[in-house]
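Listed below, chain by chain, are the residues.
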Amino acid sequence: MLGVSFIYALLALLLFVVGLLNRDLVPGGTDYLFYLLIGVISVKTMIGNREFSFPKYYIAIICTLLAVILFNSFISPYSPGLKYIVIATVVTMIPFAIFLLSYNIRFTKTEINFFIDLIVVVACVMAFFIYVENVLTVTPKIDSIMASNVIMIGFFASFCSQSIVLSLARYHVTHKKRYIYVILFLLLTVLLLNQLKAIVGSMIAIVAYLFFMTRMSKTLKVAVLAAGVAAFSVWIALSGSLMVEKVVKYSEQLADEDASEGIARIALYVQSVEMAKDFFPLGTGQGTYGSIPVNMIYSDVYYDYELSDIWGLAPNDRVNFKMDTHWASILGEMGVLGLLIYVVLLLYPAIALGCLRRRRPEGAPEDSPDDRAYRFYVSVGLTVMMLESFVLVLPNRSVFILLYAGLTALIVRNLYTSESLLEYEDTTGDN
């Protein structure tokens, strides 16, 4: 009989692939089916073990966020009604539910490492497919050297940057050269796709590894960075300055005083700040700004903040950019208070591992290479994803939910229940 960890990993890998394919190629709701299956095996595991384990502070933070959402739903003049509030809240809470479900499926370090290797393999196989596709077919290149008709390159590039973080973590443990080759291959792929956010994210990961995970001298670190900058400069020169042109285009858009009145993404961010001020500290309410109910029944928020006339934000435009920003939606709907709580939930795995390390008794063994690698991935992977989410809506995509909520939950559970750590902030309830 297949083990629970194998089934979980298989479902996750399938979800990675499905979640990165163009929407026209995948039946609607497929990702939710995979979530349901993951929930089923998690619940089955809990029933079999007769326990439900959870980090008690995580539950407390979730309850606080739900209380803020519920209170705001009663007082906001834009509340869309109970049905749509529930829909928006369920979608918002899916990542945190995945964290709790994954937390109850125990992976050994060997199983976690194998799962990470499989994620990296998926990234490499899909990248190789894009190369083959660009050789054999015509792809819609706008400002890049490679593109794809099958895979959403924006999300895939961010998946590559996460896989680079994972490969760096695995290299720290194994010191096998194949991970260096993988990093170079995925970095080249991101460059050829010319996805600036993922390029920046990948560079942050590599610099973080260089400075915090190696014992090289400062002189050598500076030399390596200088060599990297030189190689990057050569790449820009050879690529026909596509990257420079893209940077200039985005810079001009951000500097344009009229951009907030005509470009959807910029306007959404600008007006979310205004909403946060006008409805401090709670925002306009769940389901009113940049979430699924807006696509179903629209929202007066868009009229009152003069967004309804912007291309992609009107009720019945041919294109739809209403859900084109993540952080703007969170700030606008939940306000400053909700945003802070939401960020704490996202960062909980990194916070938990940091607290765990500080609470170790004197004389306890030093971190193993695996432990350091896990901490590196959790902290740097979350940081990169959150930064890239200013440009692309990553936290709501199934692929990244399984990374920042699923994989991190497996890691936190493993380290908290390690035999060398007898005390941990964990609560177990009987089913």
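Note that the structure is a prediction, hence the values are computed from the model and not measured.

All right, on to the state of the cysteines then. Considering all chains together, one arrives at zero disulfides under this definition. Among the cysteines around Cys160, which has no disulfide bond, Cys124 carries the closest sulfur, lying 8.0 Å off. On the basis of relative accessible area, Cys160 is assigned to the buried category, the value being 0%.

Time to look at the pattern of salt bridges. Evaluation of the coordinates by the stated rule reveals four salt bridges. Among the ionic pairs, Asp324 bridges to Arg265, the shortest N-O distance being 3.2 Å. Here the residue Asp324 occupies a position in the loop between helix H13 (300-304) and helix H14 (327-358), and Arg265 occupies one in helix H11 (residues 264-278), the gap between them amounting to 59 residues. Measuring nitrogen to oxygen at the nearest pair gives 3.9 Å for the salt bridge that ties Glu274 to Lys277.

Residue position: Ile199 is located in helix H8 (residues 196-212). A relative accessible area of 4% means that Ile199 is categorised as buried. When the C-alpha positions of Ile199 and Ser161 are compared, they lie 7.5 Å apart, and in sequence the two are 38 residues distant.

Right, let's get into the packing of helix H1 (residues 4-20) against helix H16 (residues 398-416). Viewed as axis vectors pointing N to C, H1 and H16 meet at an angle of 155°, and their least axial separation amounts to 8 Å. One element, H1, and the other, H16, form an angle in the roughly antiparallel class. Between H1 and H16 lies a crossing of left-handed hand. Of the residues in H16, those in contact with Tyr8, Ala12, Leu15, Phe16, Gly19 and Leu20 of H1 are Ser398, Val399, Leu402, Leu403, Gly406 and Leu410. Looking at the contact of H1 with H16, its residues break down into nine nonpolar, three polar and no charged.

The next subject is the layout of surface pockets. Taken as a whole, the second largest pocket encloses approximately 930 Å³ of empty space. Forming the boundary of the second largest pocket are 30 residues, of which Leu168, Ile206, Val207, Leu210 and Val224 lie nearest the centre. When residues of the lining of the second largest pocket are traced back to their parent elements, those giving at least two are helix H6 (153-174), helix H7 (177-193), H8, helix H9 (218-238) and helix H15 (369-388). The dominant element in the lining of the second largest pocket, judged by the number of residues it contributes, is H9, at eight residues. Class assignment of the residues belonging to the lining of the second largest pocket gives a composition of 22 nonpolar, five polar and three charged.

About the cut-offs
- Residues numbered from 1 in each chain as written.
- Predicted model: local features only at pLDDT ≥ 70, side-chain atom pairs only at ≥ 80, totals over all residues.
- Heavy atoms only, no water.
- Disulfide = S-S within 2.5 Å.
- Buried < 20%, exposed > 50% of the residue type's maximum accessible area, 1.4 Å probe, protein only.
- Salt bridge = Lys/Arg side-chain N within 4 Å of Asp/Glu carboxyl O.
- Helix = DSSP H or I, 4+ residues; strand = E, 2+ residues; numbered from the N terminus.
- Axes fitted to C-alpha atoms, helices over the stretch in contact; angles between N-to-C directions.
- Parallel < 35°, antiparallel > 145°, perpendicular 65-115°, else oblique.
- Left-handed = near helix turned anticlockwise from the far one by under 90°.
- Contact = heavy atoms within 4.5 Å.
- Nonpolar A, V, L, I, M, F, W, Y, C, P; charged D, E, K, R; others polar.
- 1 Å grid on protein atoms, 1.4 Å probe; cavity = no way out; pocket = protein on both sides within 12 Å on 5 of 7 lines; lining within 4 Å.
- Points joined across faces, edges and corners; volume = space filled by probe spheres on them.

Any functional reading would require information beyond the geometric quantities listed.
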